[in-house]
Number of protein chains: 2
Amino acid sequence: MREARLKDVAALAGVSTATVSRVLHGNGYVSARARERVEAALRDSSYRLNAVAQELRRQKTITIGLILHGDLSNPFVGEIVIGAEQAAAEHGFTLLFLNAHGNPGQERECVETLLKRRIDGIIFTTAVHGKNVSLALDAGVRAVEIERRLCVAASAVVVDNHAAATEAMRHLVSLGHREIGFLGEPFPHDSDNDSADIPKERFRAYRDVLEACGQVLDNSHIVLGHYPRERGGWGGLEAGAAYMRRLLGQAPGLTAVFAVSDLVAAGAMQALYAEGIRVPEQLSIIGFDDTFARYLAPPLTTIRQPMFDMGYKAASLAISLIAEDAPGSSVEFCQARLVIRETTAPARATGADLALRTAPEEPRTRRTGPGPPPSPAGAGRS
Amino acid sequence: MREARLKDVAALAGVSTATVSRVLHGNGYVSARARERVEAALRDSSYRLNAVAQELRRQKTITIGLILHGDLSNPFVGEIVIGAEQAAAEHGFTLLFLNAHGNPGQERECVETLLKRRIDGIIFTTAVHGKNVSLALDAGVRAVEIERRLCVAASAVVVDNHAAATEAMRHLVSLGHREIGFLGEPFPHDSDNDSADIPKERFRAYRDVLEACGQVLDNSHIVLGHYPRERGGWGGLEAGAAYMRRLLGQAPGLTAVFAVSDLVAAGAMQALYAEGIRVPEQLSIIGFDDTFARYLAPPLTTIRQPMFDMGYKAASLAISLIAEDAPGSSVEFCQARLVIRETTAPARATGADLALRTAPEEPRTRRTGPGPPPSPAGAGRS
DNA sequence: CTGTTAGCGCATTCAA
DNA sequence: TTGAATGCGCTAACAG
């Protein structure tokens, strides 16, 4: 037995399909008697609207395509997706989900697939190739880019990385740190990609804040380098550990470190742990993103990118563009903010070597009863 | 100017729409001459197939719905999604993405939405309510459950948690550990949910392996407790820290700890760090999932759940069920496997108190040159 | 207030 | 080998 159609319900209720459609959508005039009959028929027939037919007729799918790249093992993209889904759901929209694996060709394929499906809008969770964005735009589809704006004709949701990184650096400076290391990388992806400006902006903030303090930039405090995607995860973890070791060797006077991402910070903390260097007692460290930060030991002070909001705003923006039926190319800024946890503490002495700054540790004995742990030394709380 | 339709192409090529359709899909007889003319027209007209119309006509959308719950800040679900997308893409399927927020009512809504859209299959990334799965099944849609099977009439992809946890425990035992703590929780979600069997299975493995060693189960070694979802993240992190502190107080003789999840393990490691207890030199710890494990300091030994595979298999299963047009209720098992990293090391002495077992730490001095770090004491490598 | 009608764009039967 | 015709299920004029 086939699925019930509008026509079947109509027959059952003894009215026309138009009337059924009207009660279904609550528009047009319907007499109380007819409405009742239809509602009864609706109940008896286990009817379910065929959205495909509706879409064809109305010439719009209430659907937004979402293109992303790589995996979701990094919560960054995951939260964006959830935010987008949330906004979409609130407006009755549904999300079509495609992965282009960071590949321009596949990205193009994804756009084509989406256009064939006649989605109303596309969100690029970081577009790889601006041309693909225009492809969507040219087809009359609203497009929103997240994080990076490759196509000026499209709308975008971005964060001011320079401002955010400045906040991170100011936090360290306000704790008295002056000898601050930078753990970063200039190229986020493959070098054929010209938009390496996000890490670059974070670095500029590092430099600017330091210079504002009257410090001269010391190259031995900076480790940058192109790093590839690591197997089984996002790039940065192993680089972070390697860079940190390098920094330890070449800049013994450091009291704090700014890492371009939580991932790099996590790698750095692994190196520090192996060296037996205590955070933040011997060295402060701050990250960026707030992805893994909560989970590290000790919990990482970092700059939180409002990932959920970015997704939410992107979808909202797309939906409003769809509603007003205008291309529109506005840029929405999201604010990243400092989250102080337990890896940053006041600098005690400037320029003193780590080993001299820290009293020899007492041999630790296990505490013998339950109770609150000793609070981490000097860590500020937000 | 409206979008080009089949009819426009046909007119341009001087043939009928049927012919165009035939060359588009490469079926039926088409003369070489006609084919050429159509292909030329196709190029000139920037025609794009309208998938919505196609779906209506063919009575099938090449689409699978994916329902998940909560956020994606935990990479676990994220990787499942990516795996599913991958399998779907390989078969020309597309993924519709919905979030039911762990709520049975919303889950039902999601199923309804999907049914209205006439998707061909549904994947429940952990169903919340078995009834919702049958709802899909009753509508003639293929359904696959991941991780937990709530509806026997549906297919499922699961892992054998008892076997996996057994592997974890055996690893600790093989390192000489006997005084092993358990950090867990009996109820993963709200207590109205009867399927608390996953953590329970992990606990059973803990108990079974210990008993097989001739150990008597010591309640002071076990901390279980219902924990709620934490704000801004998955439940378990803070519980892990609290539980670990409790364990430290009530079971001083412990040499190793088995945590039900990486998240709990991460919390535990935060507590240990605050206490100044070294991992694995003073205490070994093993997790479960392999979500955050890589990022912790030191990198956590854990049981890796094949999340990508689970998603991949689920989508493949759904697609094959769709293809053979049979409901089918098979269960596919995925194997979780031990990943040895750096938090587990041989037990040195049994039953000795931590403080007595470990030599007082030397005051650490910073290493002065680059080079490899000292390798973590006694950590096995896989 | 309600029914009839005419497609939305495509795939497919059937006849030529 | 090709074209004409039909209808997938629904909505929106329009006529009554």
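Let us now look at the protein's contact with DNA strand D. Among the 25 residues in the neighbourhood of DNA strand D, the closest are listed as Leu6(A), Tyr47(A), Arg57(A), Thr19(B) and Ser31(B). In DNA strand D, atoms within 4 Å of the protein come 66% from sugar and phosphate. Tyr47(A) is positioned with one of its side-chain polar atoms (N or O) 2.3 Å from a phosphate oxygen of DNA strand D. Between DNA strand D and the protein, one listed contact pairs a phosphate oxygen with a side-chain N or O atom of Thr19(B) at 2.6 Å. Breaking the surface near DNA strand D down by element, the ones donating at least two residues are helix H2 (17-25) and helix H4 (51-58) of chain A together with helix H2 (17-25) and helix H4 (51-58) of chain B. With four residues, H4(A) is the largest single contributor of residues to the surface near DNA strand D. Here the surface near DNA strand D is built from residues that sort into eleven nonpolar, eight polar and six charged.

All names here are of chain A. Between H2 and helix H3 (residues 32-45), whose axes approach to 10 Å, the crossing angle comes to 85°. Classified by the angle their axes make, H2 and H3 are roughly perpendicular. From H2, Thr19, Val20, Val23 and Leu24 reach across to H3, where they touch Ala34, Val38 and Leu42.

If you check the shell around DNA strand C, you find 25 residues, and the closest are Ser31(A), Arg57(A), Leu6(B), Tyr47(B) and Arg57(B). Backbone atoms, meaning sugar and phosphate, make up 62% of the atoms of DNA strand C lying within 4 Å of the protein. Between DNA strand C and the protein, one listed contact pairs a base nitrogen with a side-chain N or O atom of Arg57(A) at 3.1 Å. In the model, a base nitrogen of DNA strand C is placed 3.5 Å from a nitrogen or oxygen of the Ala53(B) main chain. In terms of residue count, the dominant contributor to the surface near DNA strand C is H4(B) (four residues). Of the residues contributing to the surface near DNA strand C, the split by class is eleven nonpolar, eight polar and six charged.

Time to look at unusual backbone geometry. Geometrically, the link from Ala297(A) to Pro298(A) is a cis peptide bond, its omega value of -10° lying close to zero. With respect to the helices and strands, Pro298(A) occurs in the loop between strand S9 (284-286) and strand S10 (302-304). One non-glycine residue, Gln59(B), lies in the positive phi region at around 60°. Here Gln59(B) shows up in the loop between H4 and strand S1 (63-68). Given the relative accessible area of 55%, Gln59(B) is considered exposed. Positive phi is not limited to glycine here, since Asp289(B) has a value of about 120°. With respect to the element layout, Asp289(B) can be found in the loop between strand S9 (284-286) and strand S10 (302-304).

Let us now look at empty space enclosed by the protein. In this structure the tally under the stated criterion is five cavities of 30 Å³ or more. What lines the largest cavity is a set of 16 residues, among which Glu55(A), Thr63(A), Arg117(A), Glu55(B) and Arg117(B) lie closest to the centre. Breaking the lining of the largest cavity down by element, the ones donating at least two residues are H4 of chain A together with H4 of chain B. Here the lining of the largest cavity is composed, by residue class, of eight nonpolar, four polar and four charged.

Residues and elements named next belong to chain B. Helix length check: helix H8 (residues 161-174), at 14 residues, gives a terminal C-alpha distance of 20 Å against a target of 20 Å (1.5 Å per residue), a fit within 8%. Buried within H8 are the following residues: Asn161, Ala164, Ala165, Thr166, Ala168, Met169, His171, Leu172 and Val173. Capping the start of H8, Asp160 holds a side-chain oxygen 3.1 Å from the backbone nitrogen of His162, two or three residues further along.

What follows covers the sheet that holds S9(A). Residues and elements named next belong to chain A. Read from one edge to the other, the open sheet built from four strands follows the order S7-S6-S8-S9, with strand pairing classed as parallel. Either end of the sheet is taken by a strand with one partner, and the two such strands are strand S7 (222-223) and S9. Packed on one face of the sheet, helix H8 (residues 161-174) meets strand S6 (180-183), strand S8 (256-259) and S9 and runs near 170° to S8. On top of the sheet, helix H9 (residues 197-212) reaches S6, S7 and S8; it is set at about 170° to S6, its chief contact.

Criteria and cut-off values
Residues numbered from 1 in each chain as written. Chains lettered and ligands numbered in written order. Predicted model: local features only at pLDDT ≥ 70, side-chain atom pairs only at ≥ 80, totals over all residues. Heavy atoms only, no water. Near = heavy atom within 4 Å. Polar contact = N/O pair within 3.5 Å; in protein donor to acceptor, adjacent residues only side chain to side chain. Helix = DSSP H or I, 4+ residues; strand = E, 2+ residues; numbered from the N terminus. Nonpolar A, V, L, I, M, F, W, Y, C, P; charged D, E, K, R; others polar. Axes fitted to C-alpha atoms, helices over the stretch in contact; angles between N-to-C directions. Parallel < 35°, antiparallel > 145°, perpendicular 65-115°, else oblique. Contact = heavy atoms within 4.5 Å. Buried < 20%, exposed > 50% of the residue type's maximum accessible area, 1.4 Å probe, protein only. 1 Å grid on protein atoms, 1.4 Å probe; cavity = no way out; pocket = protein on both sides within 12 Å on 5 of 7 lines; lining within 4 Å. Points joined across faces, edges and corners; volume = space filled by probe spheres on them. Expected span 1.5 Å × (residues − 1). Pairing = 2+ DSSP bridges.

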